Amino acid sequence: MRPFAGHGRSSRVAPVEGLLLDWHAEHARPLPWRKTTDPYAILVSEVMSQQTQVERVVPRWERWLARWPDVGSLAAASAGDVIRAWQGLGYNRRALALHRAAQQIATHGWPDDLTELPGVGRYTADAVTCFALGRDVLPLDVNVRRVSERTGFEFSAAAAQALMDLGATVCLARVPRCGACPLAGSCPSRGRRYEPLRKQGPFEGSFRQRRAETLRLVAAAARALAELDVDVVDSLARDGLVAVDGGVVSLPA
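Criteria and cut-off values
Residues numbered from 1 in each chain as written. Predicted model: local features only at pLDDT ≥ 70, side-chain atom pairs only at ≥ 80, totals over all residues. Heavy atoms only, no water. Buried < 20%, exposed > 50% of the residue type's maximum accessible area, 1.4 Å probe, protein only. Helix = DSSP H or I, 4+ residues; strand = E, 2+ residues; numbered from the N terminus. Arc of directions from axis to C-beta. Contact = heavy atoms within 4.5 Å. Polar contact = N/O pair within 3.5 Å; in protein donor to acceptor, adjacent residues only side chain to side chain. Pairing = 2+ DSSP bridges. Phe/Tyr/Trp six-rings, centres within 6.5 Å; stacked < 30°, edge-to-face > 60°. Expected span 1.5 Å × (residues − 1). Salt bridge = Lys/Arg side-chain N within 4 Å of Asp/Glu carboxyl O.

Asker: Any chance you could explain helix H11 (residues 230-238) here in plain terms?
Answerer: Since one α-helical turn is 3.6 residues long, residues separated by three or four positions face the same way. Among the residues of H11, Val232, Val233, Ser235 and Leu236 are the ones counted as buried. For H11, the angular spread of buried residues about the axis comes to 160°, placing them on one side. Counted as exposed and oriented over 90 degrees from the buried face of H11: Asp231 and Arg238. Contacts from the buried residues of H11 go to helix H10 (207-220), strand S2 (243-245) and strand S3 (248-250). For H11, the capping residue at the N-terminal end is Asp229, with a side-chain oxygen 3.2 Å from the backbone nitrogen of Asp231.

Encoded structure:
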């Protein structure tokens, strides 16, 4: 994975992007992974932030990096320890994918195409190459897409973090705060309201909740299969999150 000359602010920045960057200079979210260009640290932050609120991710990211500060240390960890450390972030398969990605990188190095890594899709690959390597690619997460679609403007990679912060705090999904938006003056969507997006079913009482509770129990200590929800254990075992041996359920080695 080859580095690229950084994409600092250019004198040729479009006026609209200039307004956005000026706003961001005063309103940027103080996220700790923005202080590093380490691709591993940024990869961890991106994987943790998938479907998990950023406010919950920050302390967990800091603890993770304190325990496993680089690819090699995470690759050498047991899958069980990684799953245990992930508890509370949800969607635990992300932990296994991150662990496998670290093992692949430790063995073969960083690939030029990061989507070759387990659990890394197009957005995550673009985020790492943009924020860690300074390559001129705009990562398209839900916030970036929303701002771009509503304004109709095209933005460069230099505006990536500003777009993410604007979408997360001002250009909200249902009721955007147009009065606080630096782009409102020329935005064709100014003042609009939006229908709520279809949400995932409630967590309470769901199979997802049963999976989370069962995994939490097994993470605390190995359990007899007879004590647990067999359907849930089968599901977790298929995902590689637990191992079943001799009627005992435990985290993988």
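Asker: Just to check I follow, could you spell out the sheet that holds strand S1 (residues 223-224) for this structure?
Answerer: The strands making up a sheet associate through backbone hydrogen bonding, with each pair oriented either parallel or antiparallel. The antiparallel open sheet is built from three strands, whose spatial order is S1-S3-S2. The sheet is open, and its two borders are formed by S1 and S2, each paired with just one other strand. For S1 and S3, the ladder comprises two bridges, and the chain directions are antiparallel. The partner of Ala224 across the bridge, within S3, is Val248.

Asker: What is the right way to read the packing of aromatic side chains from this model?
Answerer: Each aromatic ring pair is specified by the distance between its two centres and by the angle formed by the two planes. Across all of its chains, the model carries four aromatic pairs by this definition. Aromatic pair Phe153 and Phe155: ring centres 6.3 Å apart, planes at 80°, arrangement edge-to-face. Taking the relative accessible area as the measure of exposure, Phe155 reaches 12% and is therefore buried. Three or more aromatic residues joined by ring pairs form one cluster here, namely Trp64, Trp68 and Trp86.

Asker: What is the right way to look at helix H6 (residues 93-108) in this model?
Answerer: Between its first and last C-alpha, H6 extends 22 Å over 16 residues, near the 22 Å set by a 1.5 Å rise per residue. Taken as a whole, H6 has its buried residues at Arg94, Ala95, Leu96, Ala97, Leu98, His99, Ala101, Ala102 and Ile105. Elements in contact with the buried residues of H6: helix H2 (39-49), helix H3 (54-67), helix H4 (71-76) and helix H5 (79-86). One or two positions beyond H6, positive phi appears at Gly109, with a value near 85°.

Asker: For this particular structure, what's the right way to read the pattern of salt bridges?
Answerer: In total, this model carries eight salt bridges according to the counting rule given. Arg67 is paired through a salt bridge with Asp81; the nearest N and O atoms lie 3.9 Å apart. In this pair, Arg67 sits in helix H3 while Asp81 sits in helix H5, placing the two residues 14 residues apart along the sequence. Owing to a relative accessible area of 45%, Arg67 belongs among the partly exposed residues under this scheme. Asp81 gets classed as partly exposed once you look at its relative accessible area, which sits at 28%. Between Arg210 and Asp229 there is a salt bridge, with the nearest N and O atoms lying 2.6 Å from each other. One end of the pair, Arg210, is in helix H10; the other, Asp229, is in the loop between S1 and H11, and 19 residues separate them in sequence.

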